[in-house]
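Here is how the chains run, residue by residue.
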Amino acid sequence: MQNPSDSDALIAVIGGGPAGLLAAQRLAEAGHRVVVYEAQATVGRKFLVAGHGGFNLTNAEPLPDFAARYASHSRRFQQLLGHFSPADLRQWTTDLGIATYVGTSGRVFPMAEHKPAQLLRAWVARLGQLGVEIRTRHRWLGFAGATGLRIQDETTGDEITIHPAATVLALGGASWSKTGSDGRWTTALAQIGVQCIPFQPSNCGAEIAWSAFFREKVQRTPLKNIALSCGPHTVRGELMLTEYGIEGTPVYALTPFIREALGQSPTAQLLLNLKPDLAPAALQERLAQRRSGTSWASFLASTLRLGPPIPTLLREVGPPALPPEPTELGHLLTHLPLPVSGLRPLEEAISTAGGVAWSEVDEHLMLQRRPGTFVAGEMLDWEAPTGGYLLQGCFSTGAWAAHGVTRWLQDYRNTA
Ligand SMILES: Cc1cc2nc3c(=O)[nH]c(=O)nc-3n(C[C@H](O)[C@H](O)[C@H](O)COP(=O)(O)OP(=O)(O)OC[C@H]3O[C@@H](n4cnc5c(N)ncnc54)[C@H](O)[C@@H]3O)c2cc1C
């Protein structure tokens, strides 16, 4: 390690995703000399992928509700969000010349005229102004002794060992490996005894063994305004029927519970409510209006707006014949069983659960086993639903790790 009491000591940030770049920015703003090492040819690849799918930067919901999205880590995130809040994220975006707006369900997006690449370009330019050096095609291979980092220049194949005063690791999760987040870094951390929780897909589709007939007939079809439940957890939104099963916001939000259910039995039974806005009594009243001679398919379509592919779905997962009695049929339409046999592969997932165990870091996200090395972003073991909570979590942990580095260097200097 460089002597951390040198005023121009180098801070290494490994990984040029949102967590790493924000840590680099905050460190440079605090007056440190920062070099970002990124294995890919460019930084922010997954950030740009996120941009293609709507670019939901954060969420405008109140902080306690926001923190609750991080489930069992909500207390920790309450503190992290207090340090770099959703409002701070919006201000940061504005400072880069990108205005944001609050859309449905509080989701915050850049204004339509701003493309994701524009935001990333403005950010990289700001980092340049702050003196942050970005070395792309430089892969971190692991630790070297007590203080070194092994870095490989992927262009020449040359390997060097650097001794930074402090390090922020922000290597991402383990999905969409073409963006650089390949999860291979766990090996290097395991070598120094850091416990990493195995990666699991999060915010991903769920598999249902549809019949060949159903797959052929339905293909990809959205079901708007439904409610989906896994045990006591219910999420509203739009569901997409796909050739492999189901996807969409309600499925993504339920992945932790589906995963848990699949850990206990080979099939996780989800319940689909096709009419969540209609009270059971009102639904039964409408179902009772069917005249003899009217087919169920045309009746459901005209009276309840449950046209195709609903009759096909009912035949696929419901009983062989629809119950004629309104109470029973009403129950079926609001508790349609969807037997999920698995989650989609890690590679396809929007995010991953698992990564560095929280017990391995102190309250400033510094590795207990390697003082001076901090961890930020999706590589930590947390998960959250889509809705802006993922990027916000990465930004907040990045800012907090940078704060931790500054504090640690100050303590070191004071005691040196
Ligand atoms: C399809 C899709 C859509 C998404 N949409 C949204 C959205 O709308 N809103 C939202 O909040 N989130 C969204 N996300 C999630 C969000 O993009 C990620 O949570 C976020 O990018 C993670 O940031 P990170 O900095 O922790 O890691 P990453 O962005 O994964 O960055 C990690 C970086 O580390 C580099 N790296 C890895 N190993 C090494 C090594 N050994 N040496 C050097 N560099 C290395 C990688 O190349 C990568 O650049 C989406 C994700 C996907 C896949």
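Residues numbered from 1 in each chain as written. Predicted model: local features only at pLDDT ≥ 70, side-chain atom pairs only at ≥ 80, totals over all residues. Heavy atoms only, no water.

## Some thoughts on the packing of helix 2 (residues 45–52) against helix 6 (residues 116–129)
Logical step 1: Contact geometry of helix 2 with helix 6 gives a least axis separation of 9 Å together with a crossing angle of 150 degrees. The orientation of helix 2 relative to helix 6 falls into the category roughly antiparallel. Viewed along their axes, helix 2 and helix 6 form a crossing whose handedness is right-handed. Residues F47, L48 and G51 of helix 2 touch helix 6, and the partners they reach there are P116, A117, L119, L120 and W123.
Logical step 2: Residue composition of the contact of helix 2 with helix 6, by class: seven nonpolar, one polar and no charged. (Axes fitted to C-alpha atoms, helices over the stretch in contact; angles between N-to-C directions. Helix = DSSP H or I, 4+ residues; strand = E, 2+ residues; numbered from the N terminus. Parallel < 35°, antiparallel > 145°, perpendicular 65-115°, else oblique. Left-handed = near helix turned anticlockwise from the far one by under 90°. Contact = heavy atoms within 4.5 Å. Nonpolar A, V, L, I, M, F, W, Y, C, P; charged D, E, K, R; others polar.)

## A closer look at the sheet that holds strand 15 (residues 245–247)
Logical step 1: The antiparallel open sheet is built from seven strands, whose spatial order is 17-16-13-14-15-12-18. Of all strands in the sheet, those with a lone pairing partner are strand 17 (336–340) and strand 18 (342–343), marking the two edges. (Pairing = 2+ DSSP bridges.)

## Here we look at the pattern of salt bridges
Logical step 1: Counted by the stated rule, this structure contains 14 salt bridges.
Logical step 2: A salt bridge links K224 to E238, with the nearest nitrogen and oxygen atoms 3.3 Å apart. Linking K224 in strand 13 (residues 221–230) with E238 in strand 14 (residues 233–241), this pair joins segments that are 14 residues apart in sequence.
Logical step 3: Classification of K224 by relative accessible area gives exposed; the value is 58%.
Logical step 4: Here E348 and R344 are joined by a salt bridge, their closest N and O atoms 3.1 Å apart.
Logical step 5: Residue E348 is classed as partly exposed on the basis of its relative accessible area, which comes to 39%.
Logical step 6: Connected through shared salt-bridge partners, R139, E154, D182 and R184 make up one network. (Salt bridge = Lys/Arg side-chain N within 4 Å of Asp/Glu carboxyl O. Buried < 20%, exposed > 50% of the residue type's maximum accessible area, 1.4 Å probe, protein only.)

## Topic: the site of the ligand
Logical step 1: Taken together, 31 residues lie around the ligand, and E38, N56, S181, E378 and L391 are the ones closest in.
Logical step 2: A19 places a main-chain nitrogen or oxygen 3.0 Å from an oxygen atom of the ligand.
Logical step 3: E378 is positioned such that a nitrogen or oxygen atom in its side chain is 2.6 Å from an oxygen atom of the ligand.
Logical step 4: Taken by itself the ligand offers 1000 Å² of open surface, and the protein chains cover 95% of this.
Logical step 5: For the shell around the ligand, the secondary structure elements donating two or more residues are helix 1 (18–29), helix 2, strand 7 (138–144) and helix 14 (389–415).
Logical step 6: When the residues that make up the shell around the ligand are grouped by side-chain class, the tally is 15 nonpolar, 12 polar and four charged. (Near = heavy atom within 4 Å. Polar contact = N/O pair within 3.5 Å; in protein donor to acceptor, adjacent residues only side chain to side chain. Areas by Shrake-Rupley, 256 points an atom, 1.4 Å probe, with all protein chains shown as cover.)

## Structural notes on the UniProt feature "domain: RsdA/BaiN/AoA(So)-like insert" (unreviewed entry) in the protein chain
Logical step 1: As recorded in UniProt, the sites labelled "domain: RsdA/BaiN/AoA(So)-like insert" (unreviewed entry) are residues 200–351.
Logical step 2: Secondary structure within residues 200–351 divides into 38% helix and 27% strand; the distance between the first and last C-alpha atoms comes to 9 Å. (UniProt positions renumbered as here; feature names shortened; annotations may be inferred.)

## What about the domain arrangement of the protein chain?
Note on interface size: it is often stated as the accessible area lost on association of the parts.
Logical step 1: The domains assigned to the protein chain are domain 1 (10–201 + 350–415) and domain 2 (206–343).
Logical step 2: With centres defined by C-alpha atoms, the gap from domain 1 to domain 2 works out at 39 Å.
Logical step 3: Counting residues at the interface gives eight residues for domain 1 and six residues for domain 2.
Logical step 4: For the pair domain 1 and domain 2, the summed buried surface comes to about 510 Å²; carbon and sulfur atoms form 57% of the total.
Logical step 5: Area buried by domain 1 at its contact with domain 2 is led by P201, E383 and T386, which between them contribute 59% of it. (Domains from an automatic or database assignment. Buried area = accessible area lost by both parts, 1.4 Å probe.)

## Some details on the environment of W140
Logical step 1: Within the element layout of this structure, W140 appears in strand 7.
Logical step 2: Looking at W140, the relative accessible area reads 9%, which means it is buried.
Logical step 3: Taking the C-alpha atoms as reference points, W140 and S359, 219 residues apart in sequence, are found 23 Å from one another.
Logical step 4: Excluding residues that lie within four positions of it along the chain, W140 makes contacts with I14, L149, R150, I151, L169, L171, W185, A188 and L189.
Logical step 5: Of the polar contacts made by the side chain of W140, one reaches the backbone oxygen of G142; its length is 2.9 Å.

## Side note on the pairing of strand 5 (residues 107–110)
Logical step 1: Examined bridge by bridge, strand 3 (residues 58–59) and strand 5 share two bridges and lie antiparallel to one another. Paired with T58 across the bridge in strand 5 is V108.
Logical step 2: Note: strand 4 (residues 100–102) against strand 5, three bridges, orientation antiparallel. Note that in strand 5 the partner of T100 across the bridge is P110.
Logical step 3: Linkage of strand 4 to strand 5, two consecutive antiparallel strands, is achieved through a turn of four residues, within which S105 is found at a positive phi near 50 degrees.

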